[in-house]
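Structure at a glance
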Amino acid sequence: MTTTAQEVLRSAIPGTPVVVAEVSVRGRTHELLLKLESGNPTGSIKDRTAAGLLMALDAESPLRPGMVVVESTSGNLGLALARLLARLDCRFIAVVDPNTPRATRRTIAAAGGELHEVTEPDGRGGYLLTRLREVRRILDANPGHRWTDQYHNPANPRIHQETTGPEIAAHPGLDAVYVAVSTGGTLAGVAAHIHGLGRAIDVVAVDAVGSLATGASAGPRLISGIGASRPSAFLTPDSYDRAHRVPDAEATAACRLFRADTGMALGGSSGSVVAACLRDLLGHHPPRRPLCLCPDSGVAYADTLYDDRWLTAHGLIGPTTAAEARLRADGIRFHLEGAYA
Ligand SMILES: Cc1ncc(COP(=O)(O)O)c(C=O)c1O
């Protein structure tokens, strides 16, 4: 029996675990559910997105061996696409930028992906617009190449509505879900599913300070995977119940405290999501059972977010230690038994 491309792609989404952590906040202990998307085959939530985008491309016109697919990526989507396209005997060109972690680049190349790096900042705090210009240049020069277009393709939110949303909603008693935003595909899909259930669960957008994905002013950003240099095509302010915009130092502080207390290293955007949840736990109406959707782990960030020299070189060490001290002053401590929900 031959395996179809659709079967290969569907099997890329096995489902991910949820661990239950505890966090003390001003002397009170709260349960904190962490859905670990690092449990996907290439270690991030983008395995879902990549499978959804390629299933749509294949449904439009079958993906045949030798075909070339191009995509702009900050790293994780590139990793996921590289692996899946290698399994389908297709070629892959990843357009990346200087914020793409070195470890991620090595893995994309090892899976057979070709890397095209843009180096010119886009003037809106990142490289997205420059990356997209490069994608268009490659497509214009090679009319047979195909583009998954994660920023506009409705297959991006759809796969999260079909898989991520139902997996989250299967956990009883949730009253708030925290989701990081870049393309907005994850949030749009998760929100569509959860709001459609009519349950009292707040869907909280977590963006970066300086991002235009949900925000109004652009600025420099260093955390890979979260934020964008233009508004999300999938979101309106009605798509979510509230939003937090988290500065890099607050996200980094949450990552470092979580690792210090539990031994587990989260990725940078997961740090943003946890930091946003801590803000609400410190507020007047703390969620009773929040879930943080953690897009990846800290593995790729050992020489950036978890390295004092890198933080110093980027002017982040002072603001990070100040943010850590503020969180500790509020009595923030994490505890993880390794219990799975
Ligand atoms: C680490 C990480 N966090 C968050 C996101 C945001 O996901 P989305 O593009 O669906 O908004 C991504 C997407 O690239 C990511 O790689």
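In the block above lies the structure referred to throughout.
Described in the following lines is the structure provided in the data block. (Residues numbered from 1 in each chain as written. Predicted model: local features only at pLDDT ≥ 70, side-chain atom pairs only at ≥ 80, totals over all residues. Heavy atoms only, no water.)

Side note on empty space enclosed by the protein
On inspection of all chains with the given rule, the structure shows two cavities of 30 Å³ or more. Put simply, the largest cavity is a space of about 520 Å³. Every element with two or more residues in the lining of the largest cavity is listed here: helix H3 (76-87), helix H5 (128-141), strand E7 (176-180) and helix H7 (185-197). Looking at the lining of the largest cavity element by element, the count peaks at three residues for H7. A per-class count over the lining of the largest cavity returns 16 nonpolar, 19 polar and five charged. If you count residues domain by domain, the lining of the largest cavity takes at least three from each of domain 1 (3-39 + 156-329) and domain 2 (46-147). (1 Å grid on protein atoms, 1.4 Å probe; cavity = no way out; pocket = protein on both sides within 12 Å on 5 of 7 lines; lining within 4 Å. Points joined across faces, edges and corners; volume = space filled by probe spheres on them. Helix = DSSP H or I, 4+ residues; strand = E, 2+ residues; numbered from the N terminus. Nonpolar A, V, L, I, M, F, W, Y, C, P; charged D, E, K, R; others polar. Domains from an automatic or database assignment.)

Some points on the packing of helix H8 (residues 248-262) against helix H9 (residues 268-281)
Helices that pack against each other are described as a pair by the angle of their axes relative to one another and the distance between those axes. In the contact formed by H8 and H9, the axes pass within 7 Å of each other and the chain directions differ by 95°. The angle between H8 and H9 places the two elements in the roughly perpendicular class. Between H8 and H9, the residues in contact are Glu-250, Ala-251, Ala-254 and Cys-255 and Gly-268, Gly-271, Ser-272, Val-274, Ala-275 and Arg-279, respectively. Here the contact of H8 with H9 is built from residues that sort into five nonpolar, three polar and two charged. (Axes fitted to C-alpha atoms, helices over the stretch in contact; angles between N-to-C directions. Parallel < 35°, antiparallel > 145°, perpendicular 65-115°, else oblique. Contact = heavy atoms within 4.5 Å.)

As for the site of the ligand
Of all residues adjacent to the ligand, which total 13 residues, the nearest are Lys-46, Ser-182, Thr-183, Thr-186 and Ser-269. Residue Lys-46 places a side-chain N or O atom 2.9 Å away from an oxygen atom belonging to the ligand. In the complex, 97% of the free accessible area of the ligand, which totals 390 Å², lies under the protein chains. Here the ligand is seated within the largest cavity. Partitioned by chemical class, the residues of the shell around the ligand number three nonpolar, eight polar and two charged. (Near = heavy atom within 4 Å. Polar contact = N/O pair within 3.5 Å; in protein donor to acceptor, adjacent residues only side chain to side chain. Areas by Shrake-Rupley, 256 points an atom, 1.4 Å probe, with all protein chains shown as cover. Sits in = over half its atoms within 2 Å of the grid points.)

As for the pairing of E7
Most of E7 is tucked away: five of the five residues are buried. With burial as the criterion, each face of E7 is covered, one bearing Ala-176, Tyr-178 and Ala-180 and the other bearing Val-177 and Val-179. Both E7 and strand E8 (residues 202-208) contribute to a ladder of five bridges, which runs parallel. If you follow Ala-180 over to E8, its bridge partner there is Val-206. Alignment of E7 against strand E10 (residues 290-294), held across three bridges, turns out to be parallel. (Buried < 20%, exposed > 50% of the residue type's maximum accessible area, 1.4 Å probe, protein only. Pairing = 2+ DSSP bridges.)

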